[in-house]
Amino acid sequence: MIGWLILGLILLFLFLYSVMPNLMTRVWKIGCIYRGFAEPVVYLTFDDGPHPEYTPQLLDILREKHVRATFFVIAEAADRYPDIIRRMVSEGHDVEVHGDRHWFVPLLPPSLANRQWRGASQKLQRKFSLQTSFYRPTWGLCNLASFVSIRKSHHKLVTWSIMVGDWRKTPAQTLVERVVSRLHKGAIIVLHDNDITFGAELGAPVSVLEAIPKIIEQTEDKGYQFKPMRSLLKEEGKPLSML
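Asker: Could you give an account of the side chain of D100, with specific residues and numbers?
Answerer: Tracing the chain through its elements places D100 in the loop between β3 (94-99) and α5 (110-128). Excluding anything up to four places from it in sequence, D100 contacts I74, A75, E76, R115, Q116, A120 and K123.

This is how it looks when you write it as structure tokens:
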């Protein structure tokens, strides 16, 4: 009987610590930003970088198309490729926190969960003088410790409203069609510029690079404008999609 009670308490703790915060953010959309304002603006975001091969090519495309995006970066990779981060900043892109490393946050203890976002933010500030404002957890998953600490900080937890499975090798045209068919006002689009994280298929970003020009062109043809995430902080008095 005591054994079953202990097991029940352990399972309850795991549910409250690891599962409930993600039901709130991913299912019920509570405590996170998952879309912007109800206006013809979309937010193009990239996770998991920087990557020494794919990210510079992506930056070339964005510069050519005059589009500013938001990069949710891994601090460990940013430290390894500082020139790419500096280029992002110099070309007007927004650099935000994806994590210190690409860890699975729901099972991290509070100290590591805090290091994953706050430690990463501090690293970016020290090395690049960046004042970050947004945190997108790796795989979009948090835990109770990170959820609470984010709520007590000036950072905002960000998910997305459009995800198209680009971490798998997918034909570029399929990615274009998936993004464009799901466009809406205030859409936050998440794509990936790295293929070395767990679950990603090697070479998948090649299709992303091929798709990006068409995504930009067809999105703008529909009357949408691209903005970086930080523009959300400047639009005071408008309700964000965040509870």
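Once you've had a look at it, read on.
Asker: So what's going on with helix α4 (residues 82-90)? Which residues, and what values?
Answerer: What α4 keeps buried is the set P82, I84, I85, R87 and M88. Contacts made by the buried residues of α4 are with α2 (54-65), β2 (70-74), α3 (75-80), β3 and α5. G92 sits one or two residues past α4 and shows a positive phi near 90°.

Asker: Describe the packing of α5 against helix α6 (residues 144-151), naming the residues involved and giving the relevant values.
Answerer: Two elements in contact, α5 and α6, have axes separated by 8 Å at closest approach and are oriented at 50°. Relative to α6, the element α5 is oriented oblique. Viewed along their axes, α5 and α6 form a crossing whose handedness is right-handed. On the side of α5, the interface is formed by P110, A113, N114, W117 and R118, while α6 contributes A145, S146, S149 and I150. Here the residues of the contact of α5 with α6 are counted per class, giving five nonpolar, three polar and one charged.

Asker: A description of the nonpolar core should follow, citing residues and the corresponding values.
Answerer: Of all hydrophobic cores here, the largest spans 52 residues; its most connected members are L44, F46, L62, F71, L191 and I212. Other than its neighbours up to four places away in sequence, F71 contacts F46, T55, L58, L59, L62, M88, H93, D94, V95, E96 and D193. Core analysis: the second largest hydrophobic core is formed by 12 residues, F37, Y43, I188 and L232 among them.

Asker: So what's going on with the pairing of strand β7 (residues 188-192)? Residues and values would help.
Answerer: Most of β7 is tucked away, with five of its five residues classed as buried. Burial along β7 is two-sided: I188, V190 and H192 and I189 and L191, pointing in opposite directions, are all buried. The pairing of strand β1 (residues 41-47) with β7 spans five bridges and is parallel. Across the sheet, residue D47 finds its bridge partner in β7, namely H192. Inspection of the sheet shows strand β6 (residues 162-163) paired to β7 by two bridges, in the parallel sense.

Asker: So, the packing of α2 against helix α8 (residues 204-221): which residues are in play, and what are the values?
Answerer: It is the contact of α2 with α8, at a shortest axis distance of 10 Å, that shows an interaxial angle of 10°. Here α8 runs roughly parallel to α2, going by the angle between their axes. Contacts between α2 and α8 involve Y54, Q57, L58, I61, L62 and K65 from the former and P205, V206, L209, I212, P213, I216 and E217 from the latter. Residue composition of the contact of α2 with α8, grouped by class: 10 nonpolar, one polar and two charged.

Asker: Explain a nonpolar patch on the surface to me, and be specific about the residues and the numbers.
Answerer: On the surface, a nonpolar cluster with roughly 860 Å² of combined accessible area is contributed by I2, W4, I6, L7, I10, L11, F13 and L14. Along the polypeptide, L14 turns up in helix α1 (residues 2-27).

Asker: Hey, could you go over the packing of aromatic side chains for me, with residue numbers and the actual values?
Answerer: Scanning the entire structure with this criterion turns up four aromatic pairs. The positively charged end of K29 is found above the aromatic ring belonging to Y34, 5.4 Å away from the centroid.

Asker: Hey, could you go over the pattern of salt bridges for me, with residue numbers and the actual values?
Answerer: Applying the stated criterion across every chain, the model contains 12 salt bridges. With a closest N to O distance of 2.7 Å, D47 and R136 form a salt bridge. Of this pair, D47 sits in strand β1 while R136 sits in the loop between β4 (134-135) and α6, and the two are 89 residues apart along the sequence. For the pair formed by D47 and R136, the shared burial category is buried. For the salt bridge of R86 with D83, the shortest nitrogen-to-oxygen distance reads 3.3 Å. Taken together, the residues R86 and D83, both in helix α4 and three residues apart, mark about one turn of the helix. Linked through salt bridges whose partners overlap, the residues forming this network are D60, R63, R87 and E91.

Here is what the cut-offs are and how they apply
- Residues numbered from 1 in each chain as written.
- Predicted model: local features only at pLDDT ≥ 70, side-chain atom pairs only at ≥ 80, totals over all residues.
- Heavy atoms only, no water.
- Helix = DSSP H or I, 4+ residues; strand = E, 2+ residues; numbered from the N terminus.
- Contact = heavy atoms within 4.5 Å.
- Buried < 20%, exposed > 50% of the residue type's maximum accessible area, 1.4 Å probe, protein only.
- Axes fitted to C-alpha atoms, helices over the stretch in contact; angles between N-to-C directions.
- Parallel < 35°, antiparallel > 145°, perpendicular 65-115°, else oblique.
- Left-handed = near helix turned anticlockwise from the far one by under 90°.
- Nonpolar A, V, L, I, M, F, W, Y, C, P; charged D, E, K, R; others polar.
- Core = buried A, V, L, I, M, F, W, Y, C linked by side-chain atoms within 4.5 Å.
- Pairing = 2+ DSSP bridges.
- Patch = residues over 30% accessible without salt bridge, like charges linked within 9 Å, V, L, I, M, F, W, Y side chains within 5 Å.
- Areas by Shrake-Rupley, 256 points an atom, 1.4 Å probe, with all protein chains shown as cover.
- Salt bridge = Lys/Arg side-chain N within 4 Å of Asp/Glu carboxyl O.
- Phe/Tyr/Trp six-rings, centres within 6.5 Å; stacked < 30°, edge-to-face > 60°.
- Lys NZ or Arg CZ within 6 Å of the ring centre and 35° of its normal.

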